[in-house]
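Fold and geometry: a report
Take a look at the letters that make up each chain.
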Amino acid sequence: MLSSFLKASKEIVYNERFSLSNGFLQSIDPRVKVFSFTAFILVAIVSKSILPLITLVTMTFIFSIASKIPLRFFTLRTAFALIFVALIALPLPFVTPGSPIATIGNNGYLISITSEGLFKALQFVLRVWACITPLILLTLTTRFSSLIHSLERFRVPRVFTNMMSVTYRFIFLFIDEAYRMILARESRTVRGESCLRATKALASMMSTLFIRSYERGERVYLAMMARGYEGNIRSITRMSINGRDMIFGFFAIAMCMMIISLEYLHIGVV
Amino acid sequence: MHIPDGFLDLSICAMMYLLVIPLWIFALRGMKRVLSDKQVPFMATLTAMFFAAQMMNYPIIGGTTAHLLGGPILAITLGPYAGLISMTIILLIQAFFFGDGGVITFGANAWNMGVVGVFVPYLMFLLFMKVMKNRNGMMVGAFLGALLGDVFAAIFAGLELGLSVFTFPYSVQIAITAMGVHHFFIGLGEGIVTAMIILFLLRQRADLLKLPRVAPLWLSSIGFEEL
């Protein structure tokens, strides 16, 4: 249980570290990035053949290198999510009807791997990969506050963006608090304990955490009021779209159109 | 249960957005009615706490572990509309910063976990409070509510996946069975933990169960007099 907390804080630290370095994508306006990356994901969802999907994945990897994200880290990060996807796709080569390319087993109990099934599995895994890499790249190269700011510009209601920015701030605190509570408990526990007792302890920890966060919430609210909070969080960063951002946006749109035409004009072989 | 991008068809994603957007609007109006704009930081700290709580795992049958969704306890303590908003924030942060879920599938995830996973537990809780009118009613309501909330959310997820004939390679029956059975066991854990949290809160700080609840008008007047 402890490791999941450590993993979470490590991930956030990584996120912030890369978003502060001076790579290519870090210098692009967040609004343009959100727009173009959403377009990439949309294209990946409607793509059926392998070639456009591979193009999309390759492109995001090139972007990640240009943005000074270590290749190994980026690959591991995106591939980690794929393990689960690959598990889902695993039965596909066996259950899809089609022309068999390999057969296992003997008399009557034959399991055959079909080429149609293999294609389907490959297509599924590649599509999900092409969909998740842009999102991961977006968050790795964009600071949280500027992402929130650009969401605001996309007319996401203020209540959401305000709540999101305050929530994000307090997540670290509560992760720390929960981590300490669990660490303290585990160091007091000598032997493996019954399922019921573990559940009971978890529930009491959660209710304690709930009470503490309620009280902290009240204090934070009063403290913010005392400092002149009036229901709105103002940002001093001004975002401006310059020539570079425009070029990136146009490039993204052109890329998307090209991939769609690859897909629907059947230029690609597979 | 977080569905990543690439699993659902565009048409399904669009439909789920259309379903959930009106509820967001109602929920925001409800928030304005019950809480003032200024209480946003207060809601936000509670949301952050549930975010952290989602990382605590509980053991389920078969030696595996699952984590809380938090929807039921949010619905019972803050009301379903506030629960929907909190879950939406949690899902947004998870989608953007932890790679759980996606942008295009966000409407679907918000519907499954934010609407179904919050309203079903709330309604079950109200029902048992009405019928049994005592602490046992609360416990049973919280347990069954959390269990059914999880199962229904999973069934919806399975339905969305199964109906995505273009992107998802398995049929509706397989998707619903896989999701439903899996989340029945997760829901058992969630139900037990939720009921226990309600019990602990009743013993330690019963006033926290009497906070103003952000609920639809036709629901907000009933149910909690017995506390």
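What follows deals with the overall build of chain A. Looking only at helices and strands, chain A features 10 helices and 2 strands. Across chain A, helices and strands are ordered from the amino to the carboxyl terminus as α-α-α-α-α-β-β-α-α-α-α-α. Against the 2.2 N^0.38 benchmark of 18 Å for 270 residues, chain A shows a C-alpha radius of gyration of 24 Å, more extended than a compact globule. Over its C-alpha atoms, taken along the principal directions, chain A stretches across nearly 70 × 60 × 30 Å. Counting the 270 residues in chain A, one finds 46% classified as buried. Counting 29 positive and 14 negative side-chain charges, chain A places the centres of these two groups 3 Å from one another.

Residue and element names in this part refer to chain A. Within this structure, the stated rule accounts for 23 aromatic pairs over all chains. Seen from their ring centres, Phe-37 and Phe-248 are 6.4 Å apart, and the 35° between their planes marks the pair as tilted. One end of the pair, Phe-37, is in helix 2 (residues 30–46); the other, Phe-248, is in helix 10 (residues 243–264), with 211 residues separating them in the sequence. Overall, the relative accessible area of 2% leaves Phe-37 in the buried class. Overall, the relative accessible area of 4% leaves Phe-248 in the buried class. Relative to Phe-174, the ring of Phe-170 lies with its centre 6.5 Å away and its plane at 35°, an arrangement referred to as tilted.

Attention now goes to the domain arrangement of chain A. Domains assigned within chain A are domain 1 (1–142 + 240–270) and domain 2 (157–236). Between domain 1 of chain A and domain 2 of chain A, the C-alpha centre-to-centre distance is 34 Å.

Counting across every chain of the model gives 0 disulfides over all chains. Free of any disulfide, Cys-131 of chain A has its nearest cysteine sulfur in Cys-13 of chain B, 9.3 Å distant.

Before going further, it helps to spend a moment on the pattern of salt bridges. Pairing between side chains becomes possible if they bear opposite charge and their charged atoms approach one another. Within this structure, the stated rule accounts for 6 salt bridges over all chains. We note a salt bridge from Asp-207 of chain B to Arg-205 of chain B, for which the minimum N-O separation is 3.0 Å. Salt bridges sharing common partners tie together Glu-177, Arg-212 and Arg-216 of chain A.

All names here are of chain B. With 27 residues, helix 5 (residues 106–132) should reach 39 Å at 1.5 Å per residue; the first-to-last C-alpha distance of 37 Å fits that figure. Along helix 5, the helix axis deviates most sharply at Val-116, where the bend reaches about 25°. Judged by how many residues are buried, helix 5 sits mostly within the fold: 22 of 27 residues are covered. Following helix 5 by one or two positions, Lys-133 adopts a phi angle in the positive range, close to 55°.

Residues other than glycine predominantly adopt negative phi, and peptide bonds predominantly adopt the trans conformation. Residues and elements named next belong to chain A. With a phi angle near 60°, Lys-68 is a residue other than glycine that sits in the positive phi range. A positive phi is found at Arg-155, a non-glycine position, where the angle reads about 65°. Mapping Arg-155 onto the fold places it in the loop between helix 7 (144–153) and helix 8 (158–188).

Residue and element names in this part refer to chain B. At their nearest, the axes of helix 3 (residues 71–78) and helix 5 sit 8 Å apart, and the two run at 55° to each other. In terms of axis orientation, helix 3 runs oblique to helix 5. Regarding helix 3 and helix 5, the two cross each other, and that crossing is right-handed. Along its contact with helix 3, which presents Gly-71, Pro-72, Ala-75 and Ile-76, the element helix 5 presents Gly-117, Val-118, Pro-121, Tyr-122 and Phe-125. Split by residue class, the contact of helix 3 with helix 5 holds 7 nonpolar, 2 polar and no charged.

Right, let's talk about the packing of helix 4 (residues 80–97) of chain B against helix 5 of chain B for a bit. Residues and elements named next belong to chain B. Between helix 4 and helix 5, the shortest axis-to-axis distance is 9 Å and the interhelical angle comes to 145°. At the point where helix 4 passes helix 5, the crossing takes the right-handed sense. Residue-level contacts link Pro-80, Tyr-81, Gly-83, Leu-84, Met-87, Thr-88, Leu-91 and Leu-92 of helix 4 to Phe-106, Asn-109, Ala-110, Met-113, Gly-114, Val-115, Val-118, Phe-119 and Tyr-122 of helix 5. In terms of residue class, the contact of helix 4 with helix 5 is made up of 13 nonpolar, 4 polar and no charged.

Calculation notes
Sequence order as written defines residue numbering, which begins from 1 separately in each chain. Here the convention is simple: chains get letters from A, ligands get numbers from 1, in the order in which they are written. pLDDT decides what is reported in this predicted model: residues at 70 or higher carry local features, side-chain atom pairs at 80 or more are listed and counted, and totals for whole chains, interfaces and linings draw on all residues regardless. Only heavy atoms go into the side-chain values, all of them from the structure, while hydrogens and water stay out. By definition, any uninterrupted DSSP run of H or I lasting at least four residues is a helix, any uninterrupted run of E lasting at least two residues is a strand, and each is numbered from the N terminus. In this description the radius of gyration comes from C-alpha coordinates, and the expected globular size is given by 2.2 Å times residues to the power 0.38. Throughout, exposure labels follow a simple rule: accessible area from a 1.4 Å probe, protein chains only, divided by the maximum for the residue type, with under 20% read as buried, over 50% as exposed, and the rest as partly exposed. Note on charges: Lys and Arg go in the positive column, Asp and Glu in the negative column, and His and the chain ends are not counted at all. Taken as the charge location is NZ of Lys, CZ of Arg, CG of Asp or CD of Glu. Aromatic pairs are defined between Phe, Tyr and Trp rings, using the six-membered ring for Trp, whenever the two ring centres lie within 6.5 Å; interplanar angles under 30 degrees are classed as stacked, those over 60 as edge-to-face, and all others as tilted. Source of the domain bounds: an automatic or database domain assignment. The rule for a disulfide is simple: a pair of cysteine sulfur atoms within 2.5 Å. For this document, the term salt bridge refers to a Lys or Arg side-chain nitrogen within 4 Å of an Asp or Glu carboxyl oxygen. Given the number of residues in a helix, its expected span is that number minus one, multiplied by 1.5 Å. Bend, at a single residue, is the angle you get between axes fitted to the 7 residues ending at that residue and the 7 residues starting at it. Geometry is summarised by axes, namely lines fitted to C-alpha atoms with helices restricted to the contacting stretch, and by angles between N-to-C directions that run from 0 to 180 degrees. Note on angle classes: values under 35 degrees are labelled roughly parallel, values over 145 roughly antiparallel, values of 65 to 115 roughly perpendicular, and the remainder oblique. Crossing handedness follows the turn of the near helix against the far one: under a right angle anticlockwise gives a left-handed crossing, and clockwise gives a right-handed one. In what follows, residue pairs with any heavy atoms lying within 4.5 Å of each other are defined as contacts. Throughout, the ten residues Ala, Val, Leu, Ile, Met, Phe, Trp, Tyr, Cys and Pro are labelled nonpolar, Asp, Glu, Lys and Arg are labelled charged, and all others, Gly among them, are labelled polar.

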